[in-house]
Amino acid sequence: MTLLEKFSLVSPNTVTLNLRPYQKQCIADAYSLIRLGKKRILIFAPTGGGKTLLGSQIARHAVDKGRCILFVVHRDILVEQTAQKLAAFGIVPGFIKSGWKEDRRAQVQVASVQTMVKRDWWRQYPADIVILDEAHLTAYTSVVRQMMSTVYPQAIYLGLSATPWRTNRRESLRDIFEGLVCGPMPYQLIDSGYLVKPSYFPVTEADLQSVGTTVSGDFDEVQLALACDRPEPIEQAVRDWLRLAKGRRTLCYTVNVSHARHLCEAFLAKGIPSAYISGATPSKQANQIYTQLAALEIQVLASCMKLVEGLDIPSVSAELMCRPTHSPSLYFQMLGRALRLSPETGKVDSVIIDQAGNVARHGFVEDIKEISLEPGNKKQVLEAPKKLCPRNNGGCGAMLYAFNMKCPCCGYVFEQLKKIYLVPEIGEVIRQEDAERYKFYRQKLKEAYENNFDPGWAAHVFRDMYGHWSPDSWAKGAIFGTPSSEAHRTSYYSHLQAIARRKEKPDSWIQRYMTLEFGFGDLI
């Protein structure tokens with residue numbers, strides 16, 4: 001059976017996928033740079049923005065012109081996903097990957113960087129275009145560096161990345177790429193209805209005072225495991241999940257495999273169907289677990305790094321971050337896994353439970369407003385950043401280290417800039433820019449109740465106004481405030497029951513809106 005038949009797709013030379021307008025624009029922009037003579041181009045699109053589709057469409061165009069393409073990935077799961085996307089564009093590739101069919105004559109080769117190290121024949125393959133998936137990682141591998149310098153120095157290199165940053169400040173993708181194509185920013189895809197909006201819940205964090213950092217700039221993993229892989233934070237993580245994300249398909253990010261296993265065991269002890277995977281989990285078993293999560297046969301899946309890239313289960317609507325990181329790339333990769341659309345499962349938002357302090361450390365995904373190719377700054381890691389004590393605001397003009405919150409010369413106190421804003425009613429942190437949206441939705445819920453409307457009316461009015469569904473968490477206490485009383489519960493239940501009879505809604509519909517207003521627990 002061919003790959004096309006396996007995935008029940010199309011015959012060769014047939015394109016069945018309709019790209020979104022911004023995806024077509026990204027491709028057009030990349031071609032414009034190529035016509036200008038650029039040969040190393042980075043294409044940015046957020047997680048869930050369809051980067052592999054972009055690469056596959058470019059491969060289709062290249063095949064039609066008789067070109068040869070090398071599509072480089074770095075994880076097993078990405079080999080299969082890339083093959084599926086290429087098949088949708090009528091391409092049956094060859095593979096440079098153990099366990100996959102090798103066809104050295106194929107115009108498109110899907111290559112694993114790990115396997116390329118062990119095989120040499122690809123060095124004679126006449127690649128005209130090299131597409132680098134997760135370019136912030138693959139572009140730094142030794143085998144890709146060899147391609148660029150000696151094997152294919154004249155080829156066109158197209159890097160795909162949702163997180164074009166390096167933890168090590170000495171390194172920058174500008175050191176490799178000379179051109180940049182930017183798709184929409186995450187907030188634009190959310191407002192356009194292409195991604196769901198996340199809700200952020202900071203919870204009790206592990207004590208990281210004794211955890212150092214490595215040369216690369218991230219936390220020392222051994223020390224981090226000692227701080228996070230303990231009974232107290234693990235049990236607290238389960239309690240927070242039960243309070244904030246009960247019943248949602250959930251990914252848990254952990255420090256290491258042992259941490260993932262212990263977290264899984266804690267969920268199982270509470271009767272919550274759960275699993276964990278690691279790099280040692282066979283692909284067949286991992287795929288079976290992914291299928292179980294998608295089918296809600298398990299609710300919680302934990303892993304340290306296996307889930308960060310390539311996992312595509314759109315119905316996942318919650319994340320439990322138990323792995324602190326200084327890496328913005330890792331953080332936004334983790335966060336992006338829960339933002340894909342899944343209307344068939346009723347998904348309207350995603351819940352981010354942050355036990356790692358990552359939201360405070362890196363901010364909201366909606367705050368990414370610009371991507372640029374900045375050169376690596378070797379001085380930055382050797383010299384602490386500095387700032388001026390503001391003379392025009394009562395300071396003395398002295399040059400201080402950036403971490404000084406009080407000027408030692410004149411006593412000026414710097415204002416602590418807030419990345420996050422806590423909403424006490426729901427225990428969630430929101431962006432300052434979302435405060436108006438939050439108030440608007442809650443006001444519409446009150447209006448729906450006062451006018452005997454279906455509460456779903458408020459969500460539709462919100463979507464018409466802002467382009468995306470309102471997060472479920474914004475509904476808590478909107479009508480009766482918090483804490484609520486038994487009388488409030490009884491009144492609202494009667495209100496919903498009357499609407500359900502009138503509109504022939506099931507009991508689960510009543511339960512959903514009771515949960516949104518009052519939270520989990522015995523509601524009536």
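Residues numbered from 1 in each chain as written. Predicted model: local features only at pLDDT ≥ 70, side-chain atom pairs only at ≥ 80, totals over all residues. Heavy atoms only, no water.

A. Main features of the environment of Leu516. With respect to the helices and strands, the residue Leu516 is situated in helix H18 (residues 507-518). Separated by 38 residues in the primary sequence, Leu516 and Ala478 have C-alpha atoms spaced 9.1 Å apart. Here Leu516 is in contact with Asp472, Ala475, Lys476 and Gly477, once residues within four sequence places are set aside. (Helix = DSSP H or I, 4+ residues; strand = E, 2+ residues; numbered from the N terminus. Contact = heavy atoms within 4.5 Å.)

B. A look at the pairing of strand E9 (residues 250-253). In E9, alternate side chains face the same way, and those of Thr250 and Cys252 on one face and Leu251 and Tyr253 on the other are all buried. Across 4 bridges, E9 lies against strand E12 (residues 318-321) in parallel orientation. If you follow Cys252 over to E12, its bridge partner there is Leu320. (Buried < 20%, exposed > 50% of the residue type's maximum accessible area, 1.4 Å probe, protein only. Pairing = 2+ DSSP bridges.)

C. Representation of helix H10 (residues 231-244). In this model H10 runs 20 Å from its N-terminal to its C-terminal C-alpha over 14 residues, within 8% of the 20 Å that 1.5 Å per residue would give. Within the span of H10, buried status applies to Pro233, Ile234, Ala237, Val238, Asp240, Trp241 and Leu244. In a view along the axis of H10, the buried residues occupy a sector of 165 degrees, so they form one face of it. (Expected span 1.5 Å × (residues − 1). Arc of directions from axis to C-beta.)

D. The pairing of strand E13 (residues 349-354), seen in detail. The element E13 is extensively covered by neighbouring structure, given that 6 of its 6 residues are classed as buried. Taken together, the 6 bridges between strand E8 (residues 197-202) and E13 define a ladder with parallel strand orientation. Across the sheet, Tyr200 pairs through a bridge with Ile352, a residue of E13. Of the strand pairs in this sheet, E12 and E13 are connected by 4 bridges, and their pairing is parallel. Among the inter-strand pairings, Ala318 is bridged to a residue of E13, identified as Val351. On the question of chirality, the crossover connecting E12 to the parallel E13 by way of helix H13 (residues 328-336) is right-handed. (Right-handed = clockwise from strand over helix to strand, strands pointing away.)

E. Quick look at the state of the cysteines. Evaluation of the coordinates by the stated rule reveals 0 disulfides. Cysteine Cys182 remains unbridged, with the sulfur of Cys26 as its closest cysteine sulfur at 8.1 Å. For Cys182, a relative accessible area of 32% gives the class partly exposed. A disulfide-free cysteine, Cys322 has its sulfur positioned 6.0 Å from the sulfur of Cys252, the nearest such atom. (Disulfide = S-S within 2.5 Å.)

F. Looking closely at the sheet that holds strand E3 (residues 94-96). With parallel pairing, 7 strands are arranged side by side in an open sheet as E3-E4-E2-E5-E6-E1-E7. Each edge of the open sheet carries a strand with a single partner, namely E3 and strand E7 (179-182). If you compare each strand with its neighbour and ignore which way they point, the axes differ by 20 degrees on average. In terms of strand pairing, strand E2 (residues 69-73) meets strand E5 (residues 129-132) through 4 bridges, oriented parallel. Of the residues in E5, the one forming a bridge with Ile69 is Ile129. Contacting strand E1 (40-44), E2, strand E4 (108-112), E5 and strand E6 (156-161), helix H3 (residues 51-64) runs over the sheet at an angle of about 165 degrees to E2. (Axes fitted to C-alpha atoms, helices over the stretch in contact; angles between N-to-C directions.)

G. Up close: the pattern of salt bridges. Taken as a whole, this structure holds 19 salt bridges when the rule is applied. Among the ionic pairs, Arg248 bridges to Asp349, the shortest N-O distance being 3.0 Å. Here Arg248, found in the loop between H10 and E9, pairs with Asp349, found in strand E13; they are 101 residues apart in sequence, far enough to count as distant. Taken individually, Arg248 and Asp349 each receive the classification buried, so the pair is uniform in this respect. One salt bridge connects Asp472 with Arg512, and the closest N-O pair in it is separated by 3.2 Å. (Salt bridge = Lys/Arg side-chain N within 4 Å of Asp/Glu carboxyl O.)

H. Spatial organisation of the packing of aromatic side chains. Under the criterion given, the structure shown has 20 aromatic pairs. For the ring pair Tyr22 and Tyr194, a centre distance of 5.6 Å and an interplane angle of 65 degrees mean the geometry is edge-to-face. Of the two residues, Tyr22 is situated in helix H2 (residues 21-35) and Tyr194 in the loop between helix H8 (186-191) and E8; the sequence distance between them amounts to 172 residues. With centroids separated by 6.1 Å and ring planes inclined at 85 degrees, the aromatic side chains of Phe462 and Trp474 adopt a geometry described as edge-to-face. With Phe462 in helix H16 (residues 456-466) and Trp474 in the loop between H16 and helix H17 (486-503), this residue pair connects regions lying 12 residues apart in the sequence. Residues Phe462 and Trp474 agree in their burial class; the two are buried. In this structure an aromatic cluster arises from ring pairing among Tyr438, Phe440, Tyr441, Phe462, Tyr466 and Trp474. In this structure, Lys369 packs its charged tip against the face of Tyr187, placed 5.0 Å from the ring centre. (Phe/Tyr/Trp six-rings, centres within 6.5 Å; stacked < 30°, edge-to-face > 60°. Lys NZ or Arg CZ within 6 Å of the ring centre and 35° of its normal.)

I. Expanded view of empty space enclosed by the protein. Going through the model one piece at a time under the given rule, you end up with 3 cavities of 30 Å³ or more. The wall of the largest cavity is formed by 13 residues, among which Pro46, Thr47, Pro186, Phe332 and Val365 lie closest to the centre. Among the residues making up the lining of the largest cavity, the classes are represented as 10 nonpolar, 3 polar and no charged. Of the pockets and cavities examined, the second largest cavity occupies roughly 50 Å³. Along its surface, the second largest cavity is lined by Tyr441, Leu445, Pro455, Ala475, Ile479, Tyr492, Tyr513, Leu516 and Glu517. Top contributing element to the lining of the second largest cavity by residue count: H18, with 3 residues. Of the residues that constitute the lining of the second largest cavity, the class distribution is 8 nonpolar, no polar and 1 charged. (1 Å grid on protein atoms, 1.4 Å probe; cavity = no way out; pocket = protein on both sides within 12 Å on 5 of 7 lines; lining within 4 Å. Points joined across faces, edges and corners; volume = space filled by probe spheres on them. Nonpolar A, V, L, I, M, F, W, Y, C, P; charged D, E, K, R; others polar.)

Interpretation in functional terms is not warranted from these geometric data alone.
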